[in-house]
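# Breakdown of the fold
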Amino acid sequence: MIKKFTPLFLISAFFFSFTVMSQNVTLLEQINGRYDFTFVGNTLNTGENNVQATLSYLTSSTANLNLDSEDVVQRAYLYWAGSGTGDFEIKLNDNEISAERTFSHSRFIGGTLFNFFSAFADVTNLVQVTGNGDYTFSDLDIATDLAQHFTYRTNFSGWAILIVYENPNLPLNQLNIYDGLQGVPDALQIELTDLYVLNNTNAKAGFIAWEGDSQLPTETFTVNGTIISNPFNPPNNVFNSTNSVTGSNQLYNMDLDIYEIDDYISIGDTNASIALTSFQDFIMINTVITKLNSQLPDATIVLTPPSTECDSREILIDFTVSNLNSTEFLPAATPITFYIESQPIGTTFTQGIIPIGGNENGSIILNIPESFGLNFSLIANVDDDGSGVGIVIELNENNNTFEIEIDFNVSPDFNTLPNIRNCNLGLTRGIFDFSSYEELVKTNSLHEVSFHENWDDANQNINPIFNPSNYEAITTPKEIYVRIDNGGCYAITQFLLETYNCPPTVYNAVSANNDGMNDGFFIDGLRDVFTNFELLIFNRWGKHLWTGNNNKPDWDGYVSEGVGSKQAPEGTYYYILYLNDPDYTEPLTGYLYLTR
């Protein structure tokens, strides 16, 4: 059964309930330093819901925060809760507050589903600005749901602010905040994890709980198997509408309780078990906070993703070791080991003492065995000498690892390019088309290719050749450099532009009339190509009339040894052209037509 109180019209009924939904109470945040905590909050019930004859509730209530002058607020977390599906837009000191996280709990009671809710908002900035004084919670609208809950006296609503404050006179403590929404009866066990008890003096635990009735002494509270209580909370009625901070016993249907737990935990404990039992009273646990004296370091490490050299398996790793969330310095020479696939590949050490809240930068060069390929995960583990076991006792032994992905860069493969030979256009000049080489050199279509006139330009990727389809080489042989880039690395290859002496083309019509057209015996591809040529002109009777070379103009019908006239008459003439080139051992011969 849920309550001792039973409505008159249901006096003979026997009610069963069971939970269908809740959120486990788990670790929200761990804070280390000279910290402590307190609560401020109030109920919106006008009396215990178990004894109310008629439904009555408040739309706002006020509580007072009164910290010492040296207390500095570091966290302020607002929780509010009630019967029903919830209202998640409220006001605190007339400031509009929206829930950042919500919780729900559902139970079947007498065959009907009843819902409960709680909500969370971080109000640290508001409390830091406001400081000590009154805090008024308002605008919670759950009236519709309260009517249903009043039938079984499960109607309630209230609010609380968990305050974490810093004071230089406090010892170094570890605060662990847990939240969720879990209900009792019949029994509830919550495991508090990530603790480290170095000194159990002044250890304490606090609770924000909802819906407990002072009129129902039917529950017990144990820590690590031992029933505990305090002057406000007797052993059989620990959730009884009390506020341990103010001493009030009129916090109807909610509890802000703080217990000394020195005698219930031991030095070296890393977890604690809290158990609640109730054979009648319905209780929901929303928040648990513990304070333990734990003067220990907490090493963490962060790696900076490295830049890798092309075709190198050596990497420089920069890292930062921090001791941020700690209560003691981290000693010098704390080891750091680097792993790939659980295999240690290098170890280094911190250089100096790292203070609370401090950090230290370092670096290490790692040579990666080829067996790990080009892509792998690199794991750094601080406080690890390579054995996988830490040598420094820390507040948190589960946050020493950092992992990054390493991708080695290798130069791209490429295809060898053949040299290109074209006709010598004079003095070894040539025009070339190597635009097809952009695709021919690639082994991967995604590679980027550019052409350059020298190796330095290719290496720096500057001054590319923009006209590979019509490139003029002033002199040959000319080497062209090709840069192949895969986005991380590049390779450079080259090919040669060469010229050779193509056969000249003879234009055998000469009209020596000074009209600017065919006035001389023109042979294309001769001058500045076959620089040692010799050209002989004969008449049709075989008489030698003229000898030309690269130093004389084209023959225009002039005969130096002519009788009477120096101009050769119209007709057919013959030529012998000696190219004096090793590729052309035989002279070229033919005839030409001279007209005037």
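What you see as residue numbers is a count from 1 along each chain, following the sequence as written. Local features are withheld for residues below a pLDDT of 70 in this predicted model, meaning they are given only at 70 or higher, and side-chain atom pairs are given and counted only at 80 or more; totals for whole chains, interfaces and linings count all residues. Remark: hydrogens and water are excluded; side-chain values derive from all non-hydrogen atoms of the structure.

### Here's the deal with the overall build of the protein chain
Put simply, the test is: Each helix corresponds to a stretch of at least 4 residues labelled H or I by DSSP, and each strand to a stretch of at least 2 residues labelled E; elements are numbered beginning at the N terminus. For every residue, the accessible area (1.4 Å probe, protein chains only) is compared with the maximum for its type, and the residue is labelled buried under 20%, exposed over 50%, or partly exposed between those bounds. Positive charge is attributed to Lys and Arg, negative charge to Asp and Glu, and no charge count is given to His or to the chain ends. By convention, the charge on Lys lies at NZ, on Arg at CZ, on Asp at CG and on Glu at CD.
When helices and strands are tallied, the protein chain shows four helices and 37 strands. Its C-alpha atoms give the protein chain principal-axis dimensions of roughly 155 × 55 × 45 Å. Out of the 596 residues belonging to the protein chain, those deemed buried represent 48%. Considering the protein chain, the positive charge centre built from 22 side chains and the negative charge centre built from 72 side chains are found 15 Å apart.

### Observations concerning the state of the cysteines
The test is simple: Criterion for a disulfide: a pair of cysteine sulfur atoms at a distance within 2.5 Å.
What the rule picks out here adds up to two disulfides. Here Cys310 pairs with Cys489 through a disulfide, and the sulfurs are 1.8 Å apart. Disulfide Cys310-Cys489: torsion about the S-S bond near -110 degrees, hence left-handed. Pair noted here: Cys310 is in the loop between strand S18 (300-304) and strand S19 (314-322) and Cys489 is in the loop between strand S29 (478-485) and strand S30 (490-500), with a separation of 179 residues, a long-range link. Each sulfur in the disulfide pair Cys423 and Cys502 lies 1.8 Å from the other. Across the disulfide from Cys423 to Cys502, rotation about the S-S bond amounts to roughly -95 degrees, and the bridge is consequently left-handed. One end of the pair, Cys423, is in strand S25 (residues 420-423); the other, Cys502, is in the loop between S30 and strand S31 (505-506), with 79 residues separating them in the sequence. Taking relative accessible area as the criterion, Cys423 reaches 31% and is therefore assigned partly exposed.

### A short note on the packing of aromatic side chains
Heads up, the rule is: Two rings from Phe, Tyr or Trp (for Trp, the six-membered ring) form a pair when their centres are within 6.5 Å of each other. A pair whose planes differ by under 30 degrees is stacked, one over 60 is edge-to-face, and the rest are tilted. Placement of a positive charge over a ring is assigned whenever Lys NZ or Arg CZ falls within 6 Å of the ring centre and within 35 degrees of the normal to the ring plane.
Considering all chains together, one arrives at 25 aromatic pairs under this definition. Look at Phe207 and Tyr259: their rings are 5.9 Å apart centre to centre, the planes differ by 80 degrees, and that puts the pair in the edge-to-face class. Linking Phe207 in strand S13 (residues 199-210) with Tyr259 in strand S16 (residues 254-260), this pair joins segments that are 52 residues apart in sequence. Tyr259 matches Phe207 in its accessibility class, with the two residues each being buried. Put simply, the rings of Phe434, Tyr437, Phe451, Tyr471 and Phe495 pair up and form one aromatic cluster. The lysine or arginine in question, Arg101, covers the ring of Phe120, its NZ or CZ lying 4.8 Å from the ring centre.

### Describing the pattern of salt bridges
What counts, and what does not: Definition used for salt bridges: Asp or Glu carboxyl oxygen within 4 Å of a side-chain nitrogen of Lys or Arg.
The full count for this structure, using the stated rule, is nine salt bridges. For the salt bridge of Asp36 with Lys291, the shortest nitrogen-to-oxygen distance reads 3.6 Å. Residue Asp36 is located in strand S3 (residues 35-43), and its partner Lys291 is located in strand S17 (residues 272-293); the two are separated by 255 residues in the primary sequence. Accessibility assignment for this pair places Asp36 and Lys291 in one class, buried.

### Let's talk about the pairing of strand S5 (residues 72-83)
Each regular strand shows side chains that alternate between the opposite faces of the sheet. Going by this rule: When DSSP finds at least two bridges between two strands, those strands are taken to pair.
Within S5, nine of the 12 residues are buried, which leaves it mostly tucked inside the rest of the structure. Strand direction decides the pairing type here: S5 and strand S11 (residues 157-166), joined by 10 bridges, are antiparallel. Its bridge partner lying in S11, Gly82 is registered against Ser157. Taken together, the seven bridges between S5 and strand S9 (residues 112-122) define a ladder with antiparallel strand orientation. Each residue of the ladder has a partner; that of Ser83, found in S9, is Phe116.

### Describing the environment of Leu58
When you line up the elements, Leu58 lands in the loop between S3 and strand S4 (60-65). Sequence separation of Leu58 and Gly158 is 100 residues, and the distance between their C-alpha atoms is 9.5 Å.

### Remarks on the confidence of the model for the protein chain
Heads up, the condition is: For every residue, the predictor assigns a confidence score, pLDDT, that lies between 0 and 100. Should any heavy atoms of two residues lie within 4.5 Å, those residues are counted as being in contact.
Across the protein chain, the average pLDDT comes to 89, with 94% of residues at 70 or higher. pLDDT under 50 marks residues 1-17. Its contacts with residues more than four places away, or in other chains, come to 39 contacts.

### Overview of the sheet that holds strand S32 (residues 509-511)
Note the threshold: Working convention: axes come from line fits to C-alpha atoms, limited for helices to the stretch in contact. Angles between N-to-C directions cover 0 to 180 degrees.
The strand order across the open sheet built from five strands is S32-S37-S36-S34-S35, with neighbouring strands paired in mixed fashion. The open sheet has two edge strands with one neighbour each: S32 and strand S35 (544-548). Recorded for the sheet is a direction-independent mean angle of 25 degrees between the axes of neighbouring strands.

### Focus: unusual backbone geometry
Backbone torsion omega between Thr476 and Pro477 reads 0 degrees, so that peptide bond is classified as cis. Its place among the elements puts Pro477 in the loop between strand S28 (471-473) and S29. Phi is positive for Arg153, which is not a glycine, with a value near 55 degrees. Its location among the elements puts Arg153 in the loop between helix H2 (143-150) and S11.

### As for H2
Stated formally: Each C-beta atom gives one direction from the helix axis, and the arc is the one those directions make.
Of the positions making up H2, those classed as buried are Leu146, His149 and Phe150. Angularly, the buried residues of H2 cover 100 degrees about the axis, an arc narrow enough to put them on a single face. For H2, the secondary structure elements touched by its buried residues are S5 and S9.

### Side note on the pairing of strand S36 (residues 571-578)
By the bridge criterion, five bridges tie strand S34 (residues 534-538) to S36 in an arrangement that is antiparallel. Note that in S36 the partner of Leu536 across the bridge is Ile576. Pairing between S36 and strand S37 (residues 588-595): seven bridges, direction antiparallel. Its bridge partner being in S37, Tyr573 is matched across the sheet by Leu592.

### Some points on the sheet that holds strand S22 (residues 359-367)
Sheet architecture is open: three strands sit in the order S18-S19-S22, paired in antiparallel fashion. The strands lining the two open edges of the sheet, one partner per strand, are S18 and S22. The average angle at which neighbouring strand axes cross in this sheet is 30 degrees, direction not considered.

### Considerations on the side chain of Glu29
Within the element layout of this structure, Glu29 appears in strand S2 (residues 23-33). Overall, the relative accessible area of 19% leaves Glu29 in the buried class. In this structure, Glu29 is in contact with Arg75, Tyr77, Leu175, Asn176 and Ile177, ignoring residues within four places of it in sequence.

### Overview of the side chain of Asn237
Relative to the elements of secondary structure, Asn237 occurs in the loop between strand S15 (226-227) and S16. With relative accessibility at 6%, the residue Asn237 sits in the buried group. Once you skip the residues sitting within four places of it in the chain, Asn237 turns out to touch Asp213, Ser214, Leu216, Pro217 and Glu219.

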